[in-house]
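Examination of the molecular architecture
Chain by chain, the residues run as shown.
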Amino acid sequence: MTGSSLGALGGKVVLASSSDEAQPPRNIIDGNAETFWMSTGMFPQEFIVRLAETTGIDQVTIDSYNVKSLKIETNTLDTFQDFQSVTETEFEQTEGQLQSNAISLKGTTASHLRFIITSGYDPFVSVHRVSIQA
């Protein structure tokens with residue numbers, strides 16, 4: 001399977017640590033890099049995506065602005081609790097363009113993905129698109 005937006009695969013954002021009516025969390029999974037979710041400042045910030053079904057994931061691609069450090073956790077439960085850490089990564093700062101980072105999760109199976117932004121290059125960060133390759 002090629003990279004697909006989580007929304008197209010039946011995913012839903014079930015939790016976000018902050019929200020703004022103009023940039024709602026559902027924008028993260030709509031597949032459109034022109035829409036986005038923006039944090040309200042301070043760290044950590046997080047969001048959880050529930051997949052339509054438990055899925056094997058090879059790679060997650062995240063398009064964002066000003067994210068410095070990101071942790072990804074998963075679970076295979078029906079509820080969004082008891083997550084296991086899968087990876088932590090640092091993103092390079094970009095000026096005037098989206099950060100696009102492909103993160104390998106080979107061998108990972110998940111029904112929920114938790115993304116924790118632990119630090120940013122600015123107090124406000126945005127996530128424009130998250131897609132997976134299974």
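Remember, it's a predicted structure, so these values are computed and weren't measured experimentally.

1. Regarding the side chain of serine 69
- Tracing the backbone shows serine 69 in strand 5 (residues 67-75).
- Polar contacts involving the side chain of serine 69 include one to the side chain of glutamate 90, which spans 3.0 Å.
- Here serine 119 takes part through its side chain, which lies 3.0 Å from a polar atom of the side chain of serine 69.
- The contact partners of serine 69, leaving out residues within four places of it in the chain, are Thr89, Glu90, Ile116, Ile117, Thr118 and Ser119.

2. Brief notes about the packing of aromatic side chains
- According to the stated counting rule, one finds two aromatic pairs in the structure shown.
- Relative to phenylalanine 47, the ring of tryptophan 37 lies with its centre 5.5 Å away and its plane at 65°, an arrangement referred to as edge-to-face. Within this pair, whereas tryptophan 37 is found in strand 3 (residues 37-38), its partner phenylalanine 47 is found in strand 4 (residues 45-65), the two being separated by ten residues in sequence. Both residues of the pair, tryptophan 37 and phenylalanine 47, count as buried.
- Both rings, one in phenylalanine 47 and one in phenylalanine 115, keep their centres 4.8 Å apart while their planes meet at 15°; by these two values the pair is stacked. Of this pair, phenylalanine 47 sits in strand 4 while phenylalanine 115 sits in strand 7 (residues 99-120), and the two are 68 residues apart along the sequence. Both residues of the pair, phenylalanine 47 and phenylalanine 115, count as buried.
- Every member of this aromatic cluster is reached through a ring pair, and the members are Trp37, Phe47 and Phe115.

3. So, the pairing of strand 4
- Of the strand pairs in this sheet, strand 2 (residues 12-16) and strand 4 are connected by four bridges, and their pairing is antiparallel. Bridge pairing in strand 4 places alanine 16 opposite phenylalanine 47.
- Here 15 bridges tie strand 4 to strand 7, and the two strands are oriented antiparallel to one another. Bridge pairing in strand 7 links isoleucine 48 to arginine 114.
- Two strands pair when backbone bridges link them, and strand 4 and strand 8 (residues 126-133) are joined in this way by seven bridges, in the antiparallel orientation. For tyrosine 65, the partnering residue across the bridge sits in strand 8 and is serine 126.

4. Here we look at the pattern of salt bridges
- One pass over the full model with this rule turns up three salt bridges.
- Among the ionic pairs, glutamate 46 bridges to arginine 114, the shortest N-O distance being 3.2 Å. Placement of glutamate 46 in strand 4 and of arginine 114 in strand 7 is noted, with a sequence separation of 68 residues between them.
- For the salt bridge of arginine 129 with aspartate 63, the shortest nitrogen-to-oxygen distance reads 2.8 Å. Taken together, the residues span a long stretch of sequence, with arginine 129 in strand 8 and aspartate 63 in strand 4 at a distance of 66 residues.
- According to the relative accessible area criterion, arginine 129 is partly exposed, its value standing at 27%.
- Through salt bridges with shared partners, a single ionic network connects Glu46, Glu73 and Arg114.

So, how was this worked out
Residues numbered from 1 in each chain as written. Predicted model: local features only at pLDDT ≥ 70, side-chain atom pairs only at ≥ 80, totals over all residues. Heavy atoms only, no water. Helix = DSSP H or I, 4+ residues; strand = E, 2+ residues; numbered from the N terminus. Polar contact = N/O pair within 3.5 Å; in protein donor to acceptor, adjacent residues only side chain to side chain. Contact = heavy atoms within 4.5 Å. Phe/Tyr/Trp six-rings, centres within 6.5 Å; stacked < 30°, edge-to-face > 60°. Buried < 20%, exposed > 50% of the residue type's maximum accessible area, 1.4 Å probe, protein only. Pairing = 2+ DSSP bridges. Salt bridge = Lys/Arg side-chain N within 4 Å of Asp/Glu carboxyl O.

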